[in-house]
Amino acid sequence: MTDFPDDLLAAQRDLTAVRATLSARLAALPPSAEPMPAWERPDGYWAGARTHPASPGWSEEEREEVAALRERERDLAGVIVTHELWASVPAGERMRARDALKHAHEAPAAAGAAGARG
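Residues numbered from 1 in each chain as written. Predicted model: local features only at pLDDT ≥ 70, side-chain atom pairs only at ≥ 80, totals over all residues. Heavy atoms only, no water.

1. A word on the pattern of salt bridges
Step number 1: One pass over the full model with this rule turns up six salt bridges.
Step number 2: Note that Asp 14 is salt-bridged to Arg 72, the shortest N-O span being 3.8 Å. Within this pair, whereas Asp 14 is found in helix 1 (residues 6-28), its partner Arg 72 is found in helix 2 (residues 60-81), the two being separated by 58 residues in sequence.
Step number 3: We classify Asp 14 as partly exposed; its relative accessible area is 31%.
Step number 4: Of the charged contacts, one joins Arg 25 and Glu 65 as a salt bridge, the two residues approaching to 2.8 Å between their closest N and O atoms. With Arg 25 in helix 1 and Glu 65 in helix 2, the pair connects residues that are 40 residues apart, well separated along the chain. (Salt bridge = Lys/Arg side-chain N within 4 Å of Asp/Glu carboxyl O. Helix = DSSP H or I, 4+ residues; strand = E, 2+ residues; numbered from the N terminus. Buried < 20%, exposed > 50% of the residue type's maximum accessible area, 1.4 Å probe, protein only.)

2. Some remarks on the nonpolar core
Step number 1: Of all hydrophobic cores here, the largest spans 18 residues; its most connected members are Phe 4, Leu 8, Ile 80, Leu 85, Trp 86 and Leu 101.
Step number 2: Going through the elements one at a time, helix 1, helix 2 and helix 3 (94-102) are the ones with two or more residues in this core.
Step number 3: Top contributing element to this core by residue count: helix 1, with five residues.
Step number 4: In contact with Ile 80, not counting residues within four places along its chain, are Leu 8, Ala 11, Gln 12, Leu 15, Trp 86, Arg 98 and Leu 101. (Core = buried A, V, L, I, M, F, W, Y, C linked by side-chain atoms within 4.5 Å. Contact = heavy atoms within 4.5 Å.)

3. Remarks on the confidence of the model for the protein chain
Step number 1: When the pLDDT values of the protein chain are averaged, the result is 89; 89% of them are 70 or greater.
Step number 2: When the elements of the protein chain are averaged for pLDDT, helix 4 (residues 107-117) gives the smallest value, 50, and helix 2 the largest, 98.
Step number 3: Throughout residues 110-118 the model reports pLDDT below 50, and contacts reaching past four residues in sequence, or to other chains, amount to zero contacts. (pLDDT = per-residue confidence, 0-100.)

4. As for helix 2
Step number 1: The terminal C-alpha atoms of helix 2 lie 31 Å apart, and with 22 residues this matches the ideal 32 Å at 1.5 Å per residue to within 8%.
Step number 2: Close packing links the buried residues of helix 2 with helix 1 and helix 3. (Expected span 1.5 Å × (residues − 1).)

5. Overview of the side chain of Ser 55
Step number 1: Here Ser 55 shows up in the loop between strand 2 (50-52) and helix 2.
Step number 2: A polar side-chain atom of Ser 55 sits 3.0 Å from the main-chain carbonyl oxygen of Ser 32.
Step number 3: Filtering out sequence-adjacent residues up to four positions away, Ser 55 remains in contact with Pro 30, Pro 31, Ser 32, Glu 34, Pro 35 and Met 36. (Polar contact = N/O pair within 3.5 Å; in protein donor to acceptor, adjacent residues only side chain to side chain.)

Here's what the structure looks like:
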């Protein structure tokens, strides 16, 4: 399945963008939302020794930003999951169709590259 309605494609594109923004933002924030002192996990654990730096925690603005991004992510996921298209896709094909939707934005670039080679 590759013929998706424009509103579903837009929701998937927005969801992908929100997830990328959220991931980048979380990577840039201190490791703990709450202030936390540094600590070490000694050697001998299954995961090995590890040192964790102190975390000053997140500011109120950072908390609000992350909360807004997570809420937008949930809203977009809900739009996608409950879209009327899925009722017309046979149950056995929905997972494959959902995966095709996730990668639908890649198709034009791949087709253009294939045409350029040919």
